[in-house]
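# Structural overview
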Amino acid sequence: MASISIAVKRPISVTETLEASSSQPPHKKIRIQTTTKNAANGKLQQALNILETISPQNSKELLDLLVKIADELVLNDCQLPEIHDAISKLIELFRQERDGDTTIRVMILGLLADLSDIRIAEVVNALIDEIIGVLKYEKSQKVIAQGLGSLHKIGTKNLKILATMHVTKIAHFAQQQLCSESHQTQKNALMVLSSFVALTDAKKGVIDTIGHYADSQDSGVRAQSLRSILCLGERGALLSPALYQRAVDAMQDDYECVRQQALQLVLQIGLKHPEHMILCGTEDEEEMRLIDAAFSKVCAALCDLSIQIRVQAAEHLGQMTMVGPEFLHQTLDKKLMSNLRRKKTAHERGAQLVASGEWSSGKRWADDAPQEHLDAKTISLIASGACGALVHGLEDEFMEVRIATVDSMCKLALKHPDFAVTCLDFLVDMFNDEIEEVRLKAIYSLTAIARHIVLREDQLEIMLSSLEDFSVEVREGLHLMLGACRVSTQACLLMVVQKLLDVLAKYPQDKLSAFGCMRKVGQKHPHLCMAVTSHLLQDHPFFDSAERDVEDPSYLCILILLFNAAASLVPIISLFPDVTLKHYAYLRDAMPALVPPLPIEGASTKKPMDDVNSSNNSREYLETMLAHINDIFTIATERVPLLKTAQDNLKRLGEIDPEMVGTANFLETFLAAQIQIEQLQSCTTSHHSRAPLKESLSQLVRNCLKLQHIFSGLSYSDMLLVKQICLRASALHLVLVVRDRSQSALGPCQMLLQTASDISNFLDDKESFQPDTLTTSLLNQLSSIVDPKPGKVFREILPLVQRPCVVRMPPPNVNIKMCEANILEPCPQMSQDNVIKVTAGLIAALPFVAEIDNLQETQKNDMRIKIKYPDQHMHTVVPKLSDFKKIMTEQGAHETNVKLRTTILLSHSVWTEASSVEITLCLAVRPGTDLELCKPAKILFAPKPVRREAAIDNNKIKPISQSTNFIFNLGSSVWCPFLKLKSANKNEVISVQYVIQRSTV
């Protein structure tokens, strides 16, 4: 049985009852304990008492007990005096073992760090004082290193509640340990110092002190030194450009861990001081921008031997968008550009000749002619590593490097349109990569920079050849890319259209994606579409052509292309034949999202509403409706019919305005829960029939779960109102179940306690929010129950539940989003012509594709596909996390909208005829409760009986020992040439060989 205890900030007993006063908060914190009462409270104390009985000489037994304490340590149920006592005993044991085994002292320091998880300032400050106190007299470097690690763990976990004095004390102690001879101690001291030193002290030479350890003989210390400098930079310390040369030198280190930190430091210094001028290291002492120099060094890291370094360098290139264009274009050419060489002017050459004192003697021909002496250090302002760096990344043998390089090229091209044109050919070449992820990254990158480029015919040939890829994600990505790009000529447009139609005939399941591609191509190329309209429609100038099937996907693609082009260029309509105009009237009503409104007679002329005006009107209507609902709640009687009418209006508003679907459905569900609570409240005083009562309670619980799990984007005030109505519903649920006496009340009681604990924790974290009167009374009443059994809880809360009290409606919040799904495949409309036939008992694989809007990352694990057969048998499928893919747009991946693509398996016993099977998407919020996200899709499924051949009469088969010829009628068939049968006496095996010969019937 779960138990309830009170958690307050001062040390009191578990069963103590606090008196309500104005100075105290109006609620008490509820905590659910799943173990026996007080069973865990003394576990730590018992273990520490055992420690005192163990002899200090028995190191193995002592160490085993410390390990057991660390594994089973639970601080949730420990009181403050108990924690203080534990710290004192562990410190005393540490002092006793000062000359003993260092492993025990290391284990004690780790335990002391774990005790800081209780997050109480008094405990944390005492821990820091005690640890620093014992470490001052410690001689073992292993123990000191562990102590520094424990101080870092305690400080980072409790930085907000840590006193400034103790932060300074930790930093001062770490700085003292830097002079240690132990490399591990130096590493931990650098880590602690960078995390806790004051930023004002960092300006006074602490960064320089840390930087000196980058020359240490230990690779770990060198890496930690650079990592500590980066940590100070993340905290807000100013990283001087003087650190750049130290980071560049560290990039030549033999150890990968040092090069990784050095590369990161070069990037950060370059981003913080992009316009700072530094010497480029040439004889002429030329200066260059720091961001350009850092860019060159990062490019050189793309040739590193380590794959991790190459991936990191490729990713960093995309962040250096302030680099100069001449350096950027050099990364696409492996040859050093001549125009990057420093050429001296005639004045400089003359001045150098005068300064040298050398003059032409005239004895040799052209001995004074200018000779260009090429030196590797002086021919270029840019390091040779930057030449063709991105090309090296694209040609790397590891796909991680290629993906990172393509992504960086995309980021740089978005900031530099001229670079986007230059890198277009390189991105197109990546369409032929052997790895699907690389091809997808190249496609999405080209989609992102599409506004800067125009495709040529030779580039289109490579792109369109990838349309026949077996991967549906690659094909859909290409559809998205083609819709975002622009082509240069009519031939290019016809090439795109013809290839899309050919691939659509091969992959009919891509029709929705192809329709969307054609819509965008038509919008971007109205003039080119006008020139090829007659060709695409096969409209002869003299003869009437046959009317094409309006349901043909290829014909639909052409119509969608031309109709969207006509929306931008109205004269195209004059080129449409009469039959096309009739088809437009049909398609405008059947596909309003793909076919735009056109000035064509006989078609629907309804135009989409202006988004701004419609949103403003919907918001005003919603505010008016909420005001009326609040007025209805003031009516004493007969308000339920009015509230149901308001509920229908909210549901209708969500159907009309897509922008308000989340807000309207949230308010509608909230109001439905209010109505159900009001209707069920009358049952607390009188007995009703059990069936309707149970059904109503189930619907109320379902609405409460929808409020908690289906909607996102709620404000803290909305969350509090949802938790309050869930608490009220849980209390009502328990009361009605206890009064009904037809089912167990343990489940409702536990749900009430969990809901109370949840709202109590919420109010603890958000102290500025205050609950209503009924919520406060319920929390106080529940916290006073020592042994919360269902009967006792029922008697305590019954007077509160019988008292009518309305939860106010939430204010309109347009940021609320509703998680909903749309099943694309199989088609939601059941077709009699499309029947899935399979032999009974075997399995039929069915592709399943659905789009899910506003799905949170944490909800992917709870997604379920439910299959309901006609005999009410339910089958649940749990999709893999890899089946969820973010929906891509021209602006990039959508944050919360995903596409689920998987395969579901159907199987059943024999049916006499085809029957419908329902498939739907659900969210499993808790065991036994699923929330449907869409209407079920229905398919026709027909398990057929197993086909059996005609039985052979054993009496007509005689036992023979040789081959016998059998004559069959024309048209008959034999399944196998050899067949073994048993004769009538079941003792002799007969071997028969069938030989088919011609015969007349």
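Above this text sits the structure in question.
These remarks concern the structure in this document. (Residues numbered from 1 in each chain as written. Predicted model: local features only at pLDDT ≥ 70, side-chain atom pairs only at ≥ 80, totals over all residues. Heavy atoms only, no water.)

### Some remarks on the packing of helix α8 (residues 183-196) against helix α10 (residues 219-235)
- Running from N to C, α8 and α10 point in directions that differ by 5°, and their axes come no closer than 8 Å. In this view, α8 runs roughly parallel relative to α10, as classed from their interaxial angle. Residue-level contacts link His183, Gln186, Lys187, Leu190, Met191, Leu193, Ser194, Ser195 and Phe196 of α8 to Gly220, Val221, Gln224, Ser225, Ser228, Cys231, Leu232 and Arg235 of α10.
- In the contact of α8 with α10, the residues fall into 7 nonpolar, 8 polar and 2 charged. (Axes fitted to C-alpha atoms, helices over the stretch in contact; angles between N-to-C directions. Helix = DSSP H or I, 4+ residues; strand = E, 2+ residues; numbered from the N terminus. Parallel < 35°, antiparallel > 145°, perpendicular 65-115°, else oblique. Contact = heavy atoms within 4.5 Å. Nonpolar A, V, L, I, M, F, W, Y, C, P; charged D, E, K, R; others polar.)

### Regarding the packing of aromatic side chains
- Within this structure, the stated rule accounts for 7 aromatic pairs.
- An angle of 40° between the planes, with centres 6.4 Å apart, marks the rings of Phe666 and Phe670 as tilted. Of this pair, Phe666 and Phe670 both sit in helix α32 (residues 661-681), separated by 4 residues, roughly a single helical turn.
- The exposure class of Phe666 is buried, given its relative accessible area of 1%.
- Between the aromatic rings of Trp911 and Phe941, the centroid separation amounts to 5.6 Å while the plane-to-plane angle is 90°, which identifies the pairing as edge-to-face. With Trp911 in the loop between β13 (892-906) and β14 (915-926) and Phe941 in strand β16 (residues 937-944), this pair connects stretches of sequence that are 30 residues apart.
- Residue classification places Trp911 among the buried positions, given a relative accessible area of 13%.
- Ring pairing ties together the aromatic residues Phe563, Phe576 and Tyr584, which thus form one cluster.
- For the cation-ring pair, Arg475 lies above Tyr507, with the distance from its terminal atom to the ring centre recorded as 3.7 Å.
- Directly above the aromatic system of Tyr716 lies the positively charged group of Lys766, at a separation of 4.7 Å from the ring centroid. (Phe/Tyr/Trp six-rings, centres within 6.5 Å; stacked < 30°, edge-to-face > 60°. Buried < 20%, exposed > 50% of the residue type's maximum accessible area, 1.4 Å probe, protein only. Lys NZ or Arg CZ within 6 Å of the ring centre and 35° of its normal.)

### A few points about the sheet that holds strand β12 (residues 884-889)
- If you trace the 4 strands from one edge of the open sheet to the other, you get β7-β9-β13-β12, paired in antiparallel fashion. For this open sheet the edge positions go to β7 (820-825) and β12, each flanked by a neighbour on one side alone. The sheet shows a mean angle of 35° between the axes of neighbouring strands, taken without regard to direction.
- Examined bridge by bridge, β7 and strand β9 (residues 844-853) share 5 bridges and lie antiparallel to one another. Residue pairing in the sheet places Glu820 in a bridge with Asp853 of β9. (Pairing = 2+ DSSP bridges.)

### Details of the pairing of β16
- The buried fraction of β16 is high, at 6 of 8 residues.
- Sheet topology places β14 next to β16; 5 bridges connect them, and they run antiparallel. When the sheet's bridge partners are listed, Glu918 is paired in β16 with Lys938.

### A few points about the side chain of Thr331
- By secondary structure assignment, the location of Thr331 is in the loop between α15 (325-330) and α16 (346-356).
- For Thr331, a relative accessible area of 0% translates into the label buried.
- Excluding residues within four positions of it along the chain, Thr331 makes contact with Phe295, Cys299, Ala386, Gly388, Ala389, Leu390, Val391 and Phe419.

### Overview of the environment of Lys644
- Structurally, Lys644 is set in helix α31 (residues 640-656).
- Separated by 24 residues in the primary sequence, Lys644 and Glu668 place their C-alpha atoms 9.6 Å from one another.
- Excluding residues within four positions of it along the chain, Lys644 makes contact with Ile675 and Gln679.

### Side note on the pattern of salt bridges
- Throughout the structure, instances matching the rule amount to 32 salt bridges.
- Note that Glu890 is salt-bridged to Lys520, the shortest N-O span being 3.6 Å. Of this pair, Glu890 sits in the loop between β12 and β13 while Lys520 sits in helix α25 (residues 511-524), placing them 370 residues apart in sequence.
- Note that Lys723 is salt-bridged to Asp758, the shortest N-O span being 2.8 Å. You can see Lys723 sitting in helix α34 (residues 716-740) and its partner Asp758 sitting in helix α35 (residues 746-765), a full 35 residues away along the chain.
- Taking relative accessible area as the criterion, Lys723 reaches 16% and is therefore assigned buried. (Salt bridge = Lys/Arg side-chain N within 4 Å of Asp/Glu carboxyl O.)

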